[in-house]
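Residues per chain are reported as follows:
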Amino acid sequence: MNTFEMNDQQVAGLAAAICATAEAMGQEMNPGTAAMMAEDLCAYSVPVVKAALKACRFEAKGKLAMADVLQRVQAADGRPGKDEAWSIALMAGDEIETVVMTAEVQQAMSAAAPILKLGDKVGARMAFMSAYERLVTTARAEAAPVTWSVSLGFDPTRRVTAIESAVRMQLITQEAGTQYLADLRISPITADGQAIAGLLTGSPVQPSAKLRARWQKVRDELQAHRRRKDIQSRWDSRAERRRLASRKADQLKAVEQLIRKERL
């Protein structure tokens, strides 16, 4: 269940914020209605609910409705969308990859795995989507916070990369990340294993020449990817400027033709 629970003062403050939001949207709300909405939202954290109210003021059309607030509150729980969840599930099927996933992704994989083994990727995707949406809906109805776990793959370098990313994105804690890397310390541990683990633990160890070359290759590939992306961005910008210039020229030409017609 959720780890939040507003106290009476916070609920009263939230009710006042709901009334103010409704008024800002051109609606006069009964304080009793606002209090009831606040009670329904008290399972969520105050900052998340206030952010949802702010989003409603800018985005929602018409009167403030509970569905508008709840939709935005639930979307902020950190759970991936169904398409992203499916891509995570597919990656988890590769034993080399280390994958960070939510409890709902892991459970929905159970429904899709037998179908995927038969080679029916489309059917597996449909089964996964159905199960995932049902699990997420249930979790959100219960205001259950998202939980992430790590499925360790065999490739130690990818393992470190995935765990570092998860720690950086605050999906898992630093302590949990270090614990997940414990498999790298299976005796006898190699110097490269210590070097890889040291990337996260802050205890650097000099890697072998082979591992340094591999890391350098990854860095080179990342830099090349960034350069290609930068070049493509510049080309896209130029193309957009040319398109806008051409459109402007066509509009000016149309205006000139219209003026000439009016003078005749």
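Numbers given to residues run from 1 along each chain, matching the order in which its sequence is written. Only residues with pLDDT of 70 or above have their local features reported here, since the model is predicted, and side-chain atom pairs are shown and tallied only from 80 upward, although totals for entire chains, interfaces and linings are computed over all residues. Only heavy atoms go into the side-chain values, all of them from the structure, while hydrogens and water stay out.

**Q** Even after reading the chapter, I still don't get the pattern of salt bridges, so can you show me in this structure?
**A** Proximity of charged atoms lets side chains of opposite charge pair with each other. Here a salt bridge means any side-chain nitrogen of Lys or Arg lying within 4 Å of a carboxyl oxygen belonging to Asp or Glu. The tally for this structure, following the rule as stated, stands at nine salt bridges. A salt bridge links Asp83 to Arg125; the nearest nitrogen and oxygen atoms lie 2.8 Å apart. In this pair, Asp83 sits in helix H5 (residues 82-92) while Arg125 sits in helix H7 (residues 121-141), placing the two residues 42 residues apart along the sequence. Any residue under 20% of the maximum accessible area for its type is buried, any over 50% is exposed, and the rest in between are partly exposed; the area is computed with a 1.4 Å probe on protein chains only. Looking at Arg125, the relative accessible area reads 34%, which means it is partly exposed. When the shortest N-O distance is used, the salt bridge between Arg243 and Glu240 registers 2.7 Å. In this pair, Arg243 and Glu240 are both assigned in helix H11 (residues 209-263), three residues apart and thus about one turn of the helix distant. Here the salt bridges do not stand alone but share partners, grouping Asp77, Arg79, Glu104 and Arg140 into one network. In DSSP terms, a helix is any run of H or I states spanning at least four residues, a strand is any run of E spanning at least two, and both are numbered starting from the N terminus.

**Q** Just checking my understanding: could you explain the environment of Ala20 for this structure?
**A** Assignment of secondary structure puts Ala20 in helix H1 (residues 8-24). Taking relative accessible area as the criterion, Ala20 reaches 44% and is therefore assigned partly exposed. A C-alpha to C-alpha distance of 9.7 Å links Ala20 and Ala34, two positions 14 residues apart in sequence.

**Q** Help me understand the pairing of strand S2 (residues 148-151), please; the structure alone is not making it clear to me.
**A** The two faces of the sheet receive side chains in turn, since in a regular strand these alternate between them. Side chains of S2 alternate between two faces, with Trp148 and Val150 buried and Ser149 and Ser151 left unburied. One requirement defines pairing of two strands: DSSP has to find at least two bridges between them. As paired elements, strand S1 (residues 99-102) and S2 share four bridges and run antiparallel to each other. The residue of S2 that forms the bridge with Val99 is Ser151.

**Q** Would you mind going over the packing of aromatic side chains with me for this structure?
**A** When we look at a pair of aromatic rings, we describe it by the centre distance and by the angle of the planes. Each pair of aromatic rings taken from Phe, Tyr and Trp, with Trp reduced to its six-membered ring, is defined by centres within 6.5 Å and is described as stacked if the planes are under 30 degrees apart, edge-to-face if over 60, and tilted in the remaining cases. In the structure shown here, the tally under the stated rule is two aromatic pairs. On the basis of an interplanar angle of 50° and a centroid distance of 5.3 Å, the ring pair of Trp86 and Phe128 is categorised as tilted. Note that Trp86 is positioned in helix H5 and Phe128 in helix H7, a separation of 42 residues in sequence. Taking the relative accessible area as the measure of exposure, Trp86 reaches 8% and is therefore buried. Summarising the aromatic geometry, the rings of Phe128 and Tyr132 are spaced 5.7 Å apart at their centres and angled 5° between planes, so their arrangement reads as stacked. Taken as a pair, Phe128 and Tyr132 lie in helix H7 at a separation of four residues, close to a single helical turn. A relative accessible area of 0% means that Phe128 is categorised as buried. Residue class for Tyr132 comes out buried when judged on its relative accessible area of 3%. The structure contains a cluster of three or more aromatic residues connected by ring pairs, namely Trp86, Phe128 and Tyr132. Put simply, a charge is over a ring when the Lys NZ or the Arg CZ is close to the ring centre, within 6 Å, and near the line of the ring normal, within 35 degrees. Its end group placed over the ring of Trp235, Arg238 keeps NZ or CZ at 5.5 Å from the ring centre.

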